[in-house]
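# Remarks on the overall topology
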Amino acid sequence: MRQSFFITIEGGEGVGKSTFAKAFAKSLVPFLPTAPTAAPTPLIVQTREPGGTAVADSIRAVFSSPPPGEALIPVTEAMLVMAARAQHVSHLIRPALGRGAVVICDRFADSTMVYQGIVGGIDWNWLESTNRLATQGLEPDLTFLLDCPVEVSSERSDSRLRDGQGEDGAQRYDIGSRDQHEKIRAGFLHCARLAPGRFVILDASKSTDELTADALATLRKHAPELLLMAARS
Ligand code: TMP
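Residues numbered from 1 in each chain as written. Predicted model: local features only at pLDDT ≥ 70, side-chain atom pairs only at ≥ 80, totals over all residues. Heavy atoms only, no water.

### What to know about the pattern of salt bridges
On inspection of all chains with the given rule, the structure shows eight salt bridges. A salt bridge links K206 to D214; the nearest nitrogen and oxygen atoms lie 2.8 Å apart. For D214, a relative accessible area of 25% translates into the label partly exposed. Where salt bridges share partners, they join E151, R178 and E182 into one cluster. (Salt bridge = Lys/Arg side-chain N within 4 Å of Asp/Glu carboxyl O. Buried < 20%, exposed > 50% of the residue type's maximum accessible area, 1.4 Å probe, protein only.)

Spelled out as structure tokens, the structure:
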């Protein structure tokens, strides 16, 4: 039975996307069949953007740490994330979906609309059409937007910076002003309003366990056939 399902996770800095993505992927393992290989591999692929393939990870390195003295301008950022996405979709996401996997991706096209469009001021229509080119028209089946008041997410991302977390310093917007964080939050909520059938907003003030339970309940509603496997196995 083909299980393929494409889930993206979006939200501003400090909302806990990465922790949630890991916990959510783990929570799905018992529900999904294993791949017919010698080592049983659950058909769950967890990935992130920018990145996810060797070339896309190299682009992430430039995006997150450009050589000193040469700041990236918004149009360059947009082209970098689009190029990384094109590689990611064609070399990792589409093949995984083709094998029937559930792909869970931390950030995707909506992040570009918010960070490069709403914050960076790059033309919305250009971003939409370039996203279509980069994704070959692939859209997520479901997008979880982790949303919480900026005071909560800023406190988390400040403590992450203090602790020196974030393995590659890719949190380009962590050090943004309060206004910028509000703009990012409003930007994601705007994207959610534009695609209400695809977006599910989760309250990121909740604990990871509660969020995971909410996400599983959503999946039960949106894709009952995925989780029904549990009953059969
Ligand atoms: P993250 O690993 O915390 O999600 O950080 C990735 C950074 O990259 C974050 O600051 C948002 C930014 N970003 C963009 O600006 N545009 C994009 O299209 C993507 C995917 C990420």
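That shown, we press on.
### Examining the nonpolar core
Counting 28 residues, the largest nonpolar core has F20, F24, L28, F144, L146 and L219 as the members making the most contacts within it. Elements supplying a minimum of two residues to this core: β1 (5–10), α1 (17–28), β3 (102–106), β4 (142–147), β5 (199–203), α8 (208–222) and α9 (224–232). Ranked by residue count, the leading element in this core is α1, at five residues. Beyond its immediate sequence surroundings of up to four residues, F24 is in contact with I7, I104, F144, T212, A215, L216 and L219. Residues Y115, V119, I122 and C191 belong to the second largest nonpolar core, which totals 16 residues. (Core = buried A, V, L, I, M, F, W, Y, C linked by side-chain atoms within 4.5 Å. Helix = DSSP H or I, 4+ residues; strand = E, 2+ residues; numbered from the N terminus. Contact = heavy atoms within 4.5 Å.)

### A word on the side chain of E10
Looking at where E10 falls in the secondary structure, it is placed in strand β1. Of the buried charged residues, E10 lacks a salt bridge, with R107 as the closest side chain of opposite charge at 4.2 Å. Not counting residues within four places of it along the chain, the set of residues in contact with E10 comprises K17, R107, F108, A109, D110, S111, T143, F144, L145, L146 and F188. (Lys, Arg positive; Asp, Glu negative; His and termini not counted.)

### A short note on the sheet that holds strand β2 (residues 44–48)
The five strands are arranged β2-β3-β1-β4-β5 in an open sheet whose pairing can be described as parallel. Unpaired on one side and paired on the other, β2 and β5 mark the two borders of the sheet. Here the average twist between neighbouring strands, direction ignored, is 20 degrees. Where β2 meets β3, five bridges bridge the pair, whose relative direction is parallel. Opposite V45, over in β3, you have V103 as the bridge partner. Set on the sheet, helix α3 (residues 74–98) makes contact with β1, β2 and β3; between it and β2 the angle comes to about 160 degrees. (Pairing = 2+ DSSP bridges. Axes fitted to C-alpha atoms, helices over the stretch in contact; angles between N-to-C directions.)

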